[in-house]
Amino acid sequence: KRWFQGPHEGRAMASTFALGSAPASAPSRGQGVALGHRVEVKPSIASNSSGVWRQASLLAAPALVAAGRKRSRVHRRSWAKGRNLVGTNTKETSNEAPSDKRISILGSTGSIGTQTLDICRQFPGRFKPVALAAGRNIELLLEQIKEFQPQMVACDESKLEELKEGVKALKIPDYDPELLAGPKGQIEVARHPDCKTVVTGIVGCAGLIPTIEAIKAKKDIALANKETIIAGGPVIAPLIEEYGVSMLPVDSEHSAIFQCMQGIPKGGVKKIILTGSGGTFRDMSLEDMKKEDPEVLRQRSTTHPNWDMGAKITVDSSTMMNKGLEVIEAHWLYGVEYDDIEVVIHPQSIVHSAVECQDTAILMQTGWPDMRLPILYALSHPSRVPADLPNPRDGRNFDDWWIGDGKDGKLTFGKPDLEKYPCIRLAYKAGRIGGTMPAILSAANEQAVELLLTKEIDFLDIPSVLEKVMDKAEAEKKVVDTPSLDDIVDADAWGRQAATEVSKTLVSA
């Protein structure tokens, strides 16, 4: 046995899953079992005093021996091990729907923010937004203020005066909200004294510090910003346990996993299966993409066949980096080894993800491609609130899908082509390296997408930029194995700068 002990030893997470065999798409690197912040690294067939472990080992051993499968020990560079963050403090069991639940929204004018307010609008008396943070879309923010009259509002520093004038012009009787700006404003919104849950809808690593401050203020987190946990997992993980708050996923895939895990006993999960549509280039070969006009690829990469999302996440879907980042997110949220997280292409976006149990049962969560259900479940957990959520694109109820007309009623799955989608491979690699490498990759990806949108690089350049940044980080020893918050913030800044520098070499070449 080889033990790696982290600096926060002793804060045991509430739930850890016993895992089995690795997916064929992921190289076998061994398996770690989280015991608090201590990671025991051993071959995948584990012996343990518990009956579950012993029985699973006896059942699995003959098949593995027959196949000649062996796993090497993992030599971890980082103590940071994913834990079951979602299961840690979600211990309420009441089925009573929430009443007048106060929430704060980070990114209220973005896709997640506006859909969260749709839920507040549809369920008056159940959810009340008391604080909103937005960017520069003051016109939409003022509409939200007029409708919901939050106690506190924050915006971009450059728009604060415009916001003040706009609120004054609304002439709402007896309404005098606190108006703030910039990162400090976001933090105050995140830790507003009246809110119970903070919806983190800010795109990118900008949501990390407000999320940390919300946790410290003992607010539950409805996590819609995957970069926060991907980059900040080593810091956020111990904070979740220390402050006794819940972190509930809003991402459709991770909400699906969380929903499937309800009722699965500790040690019952064998594998997590993340589904992805394959994005806009799903049915286009890599060879045809290379022949296509780069400008056509740029324009198509910002449209999605199934989901209505912002530009950044839509491009991530086109490269399938979104799925790679979700692999890292799953590692942190559910305490699952990378060998036991599999990515599957599912064009219809009806099955939002699945969990394979130790007894081979596979549980799936299905529904329309609609973010409102994951948002509702994160805000109302553990209750199931009666709702009417038709397809946001055509207004149909899901009963219509079962009829099977046209494209309805069909589910297909396949393995992703890692030559066509190299970003998935890069994300697995970054996750296994650990430390600040996921933060560097996430930041470099954000910058690469921005460079694509501003026409400084082409769509097919994105994986090359990211791989070169990762190589550069290792060559220059920029990866910190046991990072502090400052280390993560520095890694984020370095990753962005490195992506810009690398992109110039591609253009010049």
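Below: a short report on this structure. Here the residue numbering is sequential within each chain, running from 1 through the sequence in written order. Only residues with pLDDT of 70 or above have their local features reported here, since the model is predicted, and side-chain atom pairs are shown and tallied only from 80 upward, although totals for entire chains, interfaces and linings are computed over all residues. Processing note: side-chain calculations cover all non-hydrogen atoms of the structure and skip hydrogens and water entirely.

Looking at the pattern of salt bridges
No. 1: A pairing counts as a salt bridge when a side-chain nitrogen of Lys or Arg comes within 4 Å of a carboxyl oxygen of Asp or Glu. Summed over all chains, the structure comprises 32 salt bridges.
No. 2: For E227, the salt bridge identified is with K312, shortest N-O distance 2.9 Å. Here E227, found in helix α8 (residues 226–243), pairs with K312, found in helix α12 (residues 311–319); they are 85 residues apart in sequence, far enough to count as distant. Taken as a pair, E227 and K312 share a single burial class, namely buried.
No. 3: The network of salt bridges with shared partners includes K226, D251, E253, K323 and E326. Helix numbering and strand numbering both begin at the N terminus, where a helix is a DSSP run of H or I of at least 4 residues and a strand a DSSP run of E of at least 2. Here's how the labels work: a residue is buried when its accessible area is under 20% of the maximum for its type, exposed when over 50%, partly exposed in between, all with a 1.4 Å probe on protein chains only.

So, the environment of S104
No. 1: Mapped onto the elements, S104 comes out in strand β4 (residues 101–106).
No. 2: Given a relative accessible area of 0%, S104 falls into the buried group.
No. 3: Along the chain, S104 and H192 lie 88 residues apart, while their C-alpha atoms are 7.3 Å from each other.

Considerations on the packing of helix α7 (residues 208–216) against α8
The geometry of a pair of packed helices is captured by two quantities: the angle between their axes and the separation between those axes.
No. 1: One way to put it is that α7 packs onto α8 with a least axis distance of 10 Å and a crossing angle of 5°. Classified by the angle their axes make, α7 and α8 are roughly parallel. Residues L208, T211, I212, I215 and K216 of α7 form the contact with α8, whose participating residues are T228, G232, V235, I236, L239, I240 and Y243. To obtain an axis, a line is fitted to C-alpha atoms, over the contacting stretch when the element is a helix, and the angle between two such axes runs from 0 to 180 degrees between their N-to-C directions. Roughly parallel means an angle under 35 degrees; roughly antiparallel means over 145; roughly perpendicular covers 65 to 115; every other angle is labelled oblique. We call two residues contacting when some pair of their heavy atoms lies within 4.5 Å.

Section: helix α14 (residues 372–380)
No. 1: Taking burial as the measure, the nine residues of α14 include eight buried ones, the bulk of the element.
No. 2: Regarding α14, the residues found buried are R372, P374, I375, L376, Y377, A378, L379 and S380.

Here's the deal with unusual backbone geometry
No. 1: In this chain, H381 is followed by P382 through a cis amide linkage whose omega measures 10°.
No. 2: Along the chain, the position of P382 falls in the loop between α14 and α15 (399–403).
No. 3: At K455, a residue that is not glycine, the phi angle is positive and equals roughly 65°.
No. 4: As for its placement among the helices and strands, K455 is situated in the loop between α17 (437–453) and α18 (462–475).

Here's the deal with the nonpolar core
No. 1: Note on terminology: a nonpolar core comprises buried Ala, Val, Leu, Ile, Met, Phe, Trp, Tyr and Cys residues joined through side-chain atoms within 4.5 Å. If you look at the biggest cluster of nonpolar residues, it comprises 127 residues, and the most contacted ones within it are L141, L163, M247, Y334, I341, L466 and V469.
No. 2: Take this core: its biggest share by element is nine residues, from α17.

Digging into a negative patch on the surface
No. 1: Patch rule: a residue counts if its relative accessible area is over 30% and it has no salt bridge; like charges are joined within 9 Å, and nonpolar side chains (Val, Leu, Ile, Met, Phe, Trp, Tyr) within 5 Å. In these tables, accessible area is a Shrake-Rupley quantity obtained with a 1.4 Å probe, and a residue counts as shielded only by the protein chains included in the view. Working convention for charge: Lys and Arg count positive, Asp and Glu count negative, and His plus the chain ends are omitted. In plain terms, the charge of a residue is placed at NZ if it is Lys, CZ if Arg, CG if Asp and CD if Glu. Together, E287, D288, D417 and E419 give the surface a local cluster of negative charge.
No. 2: Note on placement: E419 falls in the loop between α15 and α16 (422–433).

What about the packing of aromatic side chains?
No. 1: Pairing of aromatic rings covers Phe, Tyr and Trp, the last counted by its six-membered ring, and requires centre-to-centre distances within 6.5 Å; plane angles under 30 degrees mean stacked, over 60 mean edge-to-face, and any other angle means tilted. Per the counting criterion, the structure on display carries seven aromatic pairs.
No. 2: Plain terms: the ring middles of F398 and W402 are 5.5 Å apart, the flat faces sit at 85° to each other, and that makes the pair edge-to-face.
No. 3: Judged by its relative accessible area of 18%, F398 falls in the buried class.
No. 4: Seen in terms of ring centroids, W401 and W402 are 5.1 Å apart; in terms of plane orientation they differ by 80°. Their pairing is edge-to-face.
No. 5: Overall, W402 belongs to the exposed group, its relative accessible area being 58%.
No. 6: Grouped by ring-pair contacts, the aromatic residues W368, F398, W401 and W402 constitute a single cluster.

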